[in-house]
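# Inside the fold
Each chain, written out:
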Amino acid sequence: MNRHRVDSLGPDDEVMPYSDDETDDELEASSEEEPEVMPGVPQPPVEDRPKMAWKVKANDRPYHQLPEFQKKVFLCIKKSRYSGNDIKTYKYNVLTFLPLNLYEQFKRVANLYFLALLILQIIPDISTLPWYTTLIPLVVVLGVTGIKDLVDDLARHRMDKEINNRKCDVLLDGGFQDLKWRDIQVGDVVRLKKNDFIPADILLLSSSNPNSLTYVETADLTKISSFRSCVLFVSPEALIECEEPNNRLDKFVGTMLWEGERYPLSLDNMLLRGCKIRNTEACHGLVIFAGGDTKIMRNGGKTRFKRTKIDELMNYMVYTIFVLLILVAAGLAIGHTFWYEEIGADAWYLFDNKNQGASYRGFLSFWGYIIVLNTMVPISLYVSVEVIRLGQSKFINWDLQMYYPDNDTPAKARTTTLNEQLGQIEYIFSDKTGTLTQNIMEFKKCTIAGRSYGTNPLYFTRIWNRQADRKFTFMDHSLVARIRSGKDKDANEFFKLLSLCHTVMVEHKDGELVYQAASPDEGALVTAARNFGYVFLSRTQDTITIKEMEEEEKTYEMLALLDFNSDRKRMSIILKFPDGRIRLYCKGADTVIYERLSPNTRHKETTQTDLDVFANATLRTLCLCYKDITPAEFEAWSRAHKEAQVAMFDRDGALDRVYEQIESNLMLIGASAIEDKLQDGVPETIATLAKADIKIWVLTGDKKETAENIGYSCSLLTDDMQIHYGEDIKHGPQTSRQGKKKPTEPFFPAPGKNALIITGGWLIDFVDMACECEAVICCRVTPKQKGNVVSLVKKYKKAVTLSIGDGANDVNMIKTADIGVGISGQEGMQAVMSSDYAFAQFRFLQRLLLVHGRWSYIRMCKFLRYFFFKNFAFTLVHFWYSFFNGFSAQVAYEDWFITLYNLAYSSLPVLLVGLLDQDVNDKLCLKFPKLYLPGQQGSLFNYKNFFISLFHGIFISLIIFFIPYGAFLQTMGQDGEAPSDYQSFAVVTASSLIFIVNLQISLDTSYWTFVNCFAVLGSIAIYFGIMFDIHSAGIHVIFPTPFTFTGAASNALRQPYLWLTIILTVGISLLPIICIQFLHKSIWPSVGDKIQRNRKKYEMEMEVEERKKPPTFQRGQRSRRSAYAFSHSRGYADLISSGRSIRLRPSGRGGPQSSIREIPQREAENI
């Protein structure tokens, strides 16, 4: 029931193929396209549905060019639907770079706006500024962005060329020829050798290995080294019918038609592009999907585009500036209309030989002011923001305190667009296994036939068991004694089951057994069986060989292997013993095993009690059972199994139904318990983040008892919290997602901290309640439910969320959250490859958020506030000047000053503040987590701050204009010359503005370095240097039209009276700001201000604490584990039990099985 409710939030995996690489929009669009199934309307049977359209014939290129396989490209132009094998990940070529890149850049509203301004400036009647005042900044912005895009695309070109030119042996004209990958086509038979990369998605035809196995390293897909094995086919003369290309790495459905018979094909028969052949001298395969149709290329598609809250706010503020610009321009245009009617029309000296009315002149004045005031919308804002974000990302990458030397893993910012959002996180959603824990499993306890073992220490030696692992330890002498005595059949059966019922692959290296397991749990269990005398030695497609108690080797015939998945939560194996008996062994989570036990089974209650004890000790538990099967019963079941295997639609569902038939009336043997320890620093990290008012939710597959104990172990739950359980809550679902408004009354009116432990399926009914809790643990959640939980909080609480995980089953929630963090651990790199930030240990999260996130947020907010201020102060001088020039759109500055103001005179100091500024150092950020609160509240950049910057700019523009204006009225220079001309006025106002904006950023700078000081002084020096150059007579002689202020700077600035005017203007502008900052920090200091004031004191205290600090955290002081010992991933069952339907079998043998191929750990099925 719970699963039905939650799954209804998203697409049905069986109805519509689902991949986490699809976006939400794609999923919604796909689901809308599906025809609705009306109740009561009969549906066509499966047999009547269309057949699979993708057909491949071996070694027959003309077949794939037939008209039936053509698709329309444009008008009447058609081409084959089968892609070639060359790949193109680049975006541009020589011809398309300029038009496509410009098209993409002009999709930004700001760039399009400035292009429109440039066009307006070309119109003589409208233009009040030379065209180059807009063109030069626009070209610089477009050029910087274009160069960055070009560098990125050239790297993609080089990579594509290298891959497409790799060589491979292809069967052509009766022999193998050496071809480039780009020349391979669908249907080609290829030969691969050891250490070759696989060029396309191919169906394995043959292998040089005697047991028909082909080992592949899946590093390019999952960044881990594992092995796959595939079935041996006997002929390439076959027609393949299969599903069309898609992006599901975990699924492939098809059939092979050969000699009039159909045989099932699945992903276990495939070798995917991007893998590498290992431990196999040679193999042959048939190309099914090539080039862009391969699964790895399909998974390189669209991902969810994430934007920060500041991005959204910044866009709204730019729109607000647009509106203000239009209103101001309209007001000034109306003013010009009235002025011309009253004054301008009668002034003979203003006659311009144009027969234009006042209204028309007002209309032209409107567009003129749009041009003059365009700098209110800062063209360089977006480029500056990208530069700052890039620098902040580099600082994260270079942080040695987030480097993990054990596996040589630095922190990695995989995106440059979300840094400041790290300083606004309100909710963290964390996986448990491998994220909070180490994901290194050890067999610790077990219960067999109602008796619990694992209390007294015993260290295994090779005295009685030469195959034992020296590193293995167990805490009970008595269990070994009972097994060696041979009198306890249940104990022997327990470990025999562990040695037989698994999907582990084995290698022999230097006389040692090396196990390759689909999950750490599987490896720990098989290793335990090995150390208790039941040693797994080898396996083929049909047999498993073990050594029992140092006696002779025994080989068991494997009739069927029923693999684990996240829905079944169990796996089974059907074996034929040497004496002819047929027995099913099964292991799985207690919730599913107990439902399938026989009424005659013994020790159910005592085993359940032991399971509760193990769960309270936070161990990962697993129930073991068996069932004897008669030959007739197995024969009937085998026929049903074969029919399910060749089903063309809903094959997985059909197999699950067949599995249910045989996995019933089981006899319980006992249960195992495995330990998974916490990572270093997890409790401290969670406690620190909680002090920063970040709410942490753990989403786990554990059962409730284990989840609660783990919560206490990692300090997520504390003794002062009131724990609430989902099943005990009296509130009904009416307070949940049906009503989008928050309930008027809180769920927990009593003061104090609250925590909620609830089953994931029910959380959707209690989202408001959960969000009032300091901590939430969701038990028994599937990968899809994890993503749904994150979506609920984002949708109904409008909160900034972060998800952190380490496995493929965490990818859904990582992509759903505003920020996704991947941990590179034991389960491969699937989570890392889908994340925005990555590192090796959970404890680095506090530094990522409280240090880098907080600094990035403060820097970006300070940058934006100042950037808006300096542009308002600069632009609104034109507004005041318009009251003295008849609202004629005359500019107050020199044209080149307008051009270079944002590019050279005021850009560097604010960029450095956005990159380097910090109010307190990193140690104080971690010592005082409350410093993080302003980011969550968004208090440093919002509409209030925006309007403060606006009014600050208005105030400064008033001072900059009117003080020089008053000083220029009726004055006389020292040498008798009048300095009250327009050009001298423009020089004085511009010089005052440059001093003010550069000194203002100095007042706002908290962290001074030599670079900051150099930038402020350098900007002022650059201004005077350029100004004297462009006001010189020499440049006027060369370019008389654009440089008209000849001698203005030298004439004006040699007057002491004007220097006094500049000093007075700067002083009056900055003095109120200094007073306000002083009063604010003295009377209403923030937490940051108080810490800054006492910074020296706190730093000394921290030095003393550092000296007194005890030794570093000791691993293994407390254990943290999970409730059932399977990760959310399939094992190697379909791989191992493969191929029997392809080759002839004696009639007494069982039905067909799937192929043999090692699936990567935490495979993409579970994304």
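Looking at an unreviewed UniProt entry, the protein chain carries the name Phospholipid-transporting ATPase, with the source organism given as Cyclopterus lumpus. Its UniProt record, at the heading Sequence similarities (unreviewed entry), says of the protein chain: "Belongs to the cation transport ATPase (P-type) (TC 3.A.3) family. Type IV subfamily."

## Some details on a nonpolar patch on the surface
The grouping of V109, Y316, Y319, Y943, F947 and F951 at the surface amounts to a nonpolar patch, some 610 Å² of accessible area in total. Contributions of two or more residues to the nonpolar patch are made by α8 (309-342) and α29 (943-968). With three residues, α29 is the largest single contributor of residues to the nonpolar patch. On the accessibility criterion, Y316 (52% relative accessible area) is exposed.

## Examining the pattern of salt bridges
One side chain can pair with another of opposite charge once the charged atoms of both are near each other. According to the stated counting rule, one finds 37 salt bridges in the structure shown. Notably, a salt bridge pairs E663 with R570, separated by 2.8 Å at the nearest N-O pair. Taken together, the residues E663 in the loop between α17 (651-662) and β29 (667-678) and R570 in strand β26 (residues 570-576) connect sequence positions 93 residues apart. You can call E663 buried: its relative accessible area is 0%.

## Some remarks on the environment of N871
Mapping N871 onto the fold places it in helix α24 (residues 844-882). In this structure N871 comes out as buried when scored by relative accessible area, which is 1%. Taking the C-alpha atoms as reference points, N871 and Y901, separated by 30 residues in sequence, lie 9.2 Å from one another. In this structure the side chain of N871 is engaged in a polar contact, spanning 2.8 Å, whose partner is the backbone oxygen of F867.

## Considerations on the packing of aromatic side chains
Under the counting rule described, the total for this entry stands at 63 aromatic pairs. Ring plane angle 15° and centroid distance 5.1 Å describe the contact between F874 and Y893, whose orientation is recorded as stacked. Here Y893 lies in the loop between α24 and α25 (895-905) and F874 lies in helix α24, a separation of 19 residues in the sequence. Relative accessible area serves as the criterion here: at 0%, Y893 is assigned to the buried category. Taking NZ or CZ as reference, K57 lies 5.6 Å from the ring centre of Y63, over its face.

## Side note on the nonpolar core
If you look at the biggest cluster of nonpolar residues, it comprises 95 residues, and the most contacted ones within it are L381, F863, L864, F897 and L993. Considering every element that reaches this core, the biggest residue donor is α24, with 16 residues. With near-sequence residues (within four places) excluded, L864 lies in contact with I310, M314, L381, V385 and F941. Listed in part, the 48 residues of the second largest apolar core include I448, F474, L497 and I544.

## What to know about the UniProt feature "binding site: Mg(2+)" (unreviewed entry) in the protein chain
Following the UniProt record, the feature "binding site: Mg(2+)" (unreviewed entry) maps to D431, T433, D806 and D810 here. Their sequence span is 380 residues, while the largest C-alpha to C-alpha distance among them is just 10.6 Å; these annotated residues converge on one region. We classify T433 as buried; its relative accessible area is 11%. Assignment of secondary structure puts D806 in the loop between β34 (801-805) and α22 (811-816). Judged by its relative accessible area of 0%, D806 falls in the buried class. Within polar-contact distance, the side chain of D806 engages the side chain of T435 at 3.4 Å.

## Concerning the packing of α29 against helix α34 (residues 1056-1083)
Their axes nearest at 10 Å, the elements α29 and α34 cross at an angle of 155°. Judged on the interaxial angle alone, α34 and α29 are roughly antiparallel. The two elements α29 and α34 meet at a crossing, and its hand is right-handed. On α34, the residues touching H952, F955, I956, I959, I960, I963, P964, A967 and F968 of α29 are Y1057, L1058, T1061, L1064, T1065, I1068, S1069, P1072 and I1073. Among the residues forming the contact of α29 with α34, the class breakdown is 14 nonpolar, four polar and no charged.

## A word on the side chain of T875
With respect to the helices and strands, the residue T875 is situated in helix α24. Of note is the side chain of T875, whose polar atom sits 2.6 Å from the side chain of T375. Here M376 takes part through its backbone nitrogen, which lies 3.5 Å from a polar atom of the side chain of T875. Apart from residues lying up to four places away in sequence, T875 is in contact with V372, L373, T375 and M376.

## Structural notes on the environment of L666
If you trace the backbone, L666 turns up in the loop between α17 and β29. Sequence spacing of L666 and Y585 is 81 residues, and the spatial spacing of their C-alpha atoms is 8.9 Å. With residues up to four places along the chain from it excluded, the contact list for L666 reads L584, C586, R596, L597, S598, T601, C625, Y626 and K627.

## With respect to the state of the cysteines
Enumeration over the complete set of coordinates arrives at zero disulfides. C623 takes part in no disulfide bond, and the closest cysteine sulfur to it belongs to C625, at a distance of 7.6 Å. For C623, a relative accessible area of 0% corresponds to the buried category.

## Digging into the pairing of β34
Judged by how many residues are buried, β34 sits mostly within the fold: five of five residues are covered. Because side chains alternate across β34, one face comprises the buried residues T801, S803 and G805, and the other comprises L802 and I804, equally buried. Alignment of strand β16 (residues 427-430) against β34, held across four bridges, turns out to be parallel. Opposite F429, over in β34, you have S803 as the bridge partner. One ladder, built from four bridges, connects β34 with strand β35 (residues 819-823); its direction is parallel. Pairing of S803 across the sheet is with G820, part of β35.

## Here we look at the sheet that holds β35
With mixed pairing, nine strands are arranged side by side in an open sheet as β15-β36-β35-β34-β16-β30-β33-β32-β31. Unpaired on one side and paired on the other, β15 (412-413) and β31 (721-725) mark the two borders of the sheet. Packing against the sheet, α24 makes contact with β16, β34, β35 and β36 (837-839), and its axis sits at approximately 140° to β36.

## Focus on unusual backbone geometry
Here D693, not a glycine, exhibits a phi torsion of approximately 60°, which is positive. Residue position: D693 is located in the loop between α18 (682-691) and β30 (695-699). Positive phi values are uncommon outside glycine, yet F887 reaches one of about 50°.

## Structural notes on helix α11 (residues 477-485)
Of the positions making up α11, those classed as buried are L479, V480 and I483. One side of α11 carries all its buried residues, which in axial view fall inside an arc of 100°.

Definitions and cut-offs
Residues numbered from 1 in each chain as written. Predicted model: local features only at pLDDT ≥ 70, side-chain atom pairs only at ≥ 80, totals over all residues. Heavy atoms only, no water. UniProt positions renumbered as here; feature names shortened; annotations may be inferred. Patch = residues over 30% accessible without salt bridge, like charges linked within 9 Å, V, L, I, M, F, W, Y side chains within 5 Å. Areas by Shrake-Rupley, 256 points an atom, 1.4 Å probe, with all protein chains shown as cover. Salt bridge = Lys/Arg side-chain N within 4 Å of Asp/Glu carboxyl O. Helix = DSSP H or I, 4+ residues; strand = E, 2+ residues; numbered from the N terminus. Buried < 20%, exposed > 50% of the residue type's maximum accessible area, 1.4 Å probe, protein only. Polar contact = N/O pair within 3.5 Å; in protein donor to acceptor, adjacent residues only side chain to side chain. Phe/Tyr/Trp six-rings, centres within 6.5 Å; stacked < 30°, edge-to-face > 60°. Lys NZ or Arg CZ within 6 Å of the ring centre and 35° of its normal. Core = buried A, V, L, I, M, F, W, Y, C linked by side-chain atoms within 4.5 Å. Contact = heavy atoms within 4.5 Å. Axes fitted to C-alpha atoms, helices over the stretch in contact; angles between N-to-C directions. Parallel < 35°, antiparallel > 145°, perpendicular 65-115°, else oblique. Left-handed = near helix turned anticlockwise from the far one by under 90°. Nonpolar A, V, L, I, M, F, W, Y, C, P; charged D, E, K, R; others polar. Disulfide = S-S within 2.5 Å. Pairing = 2+ DSSP bridges. Arc of directions from axis to C-beta.

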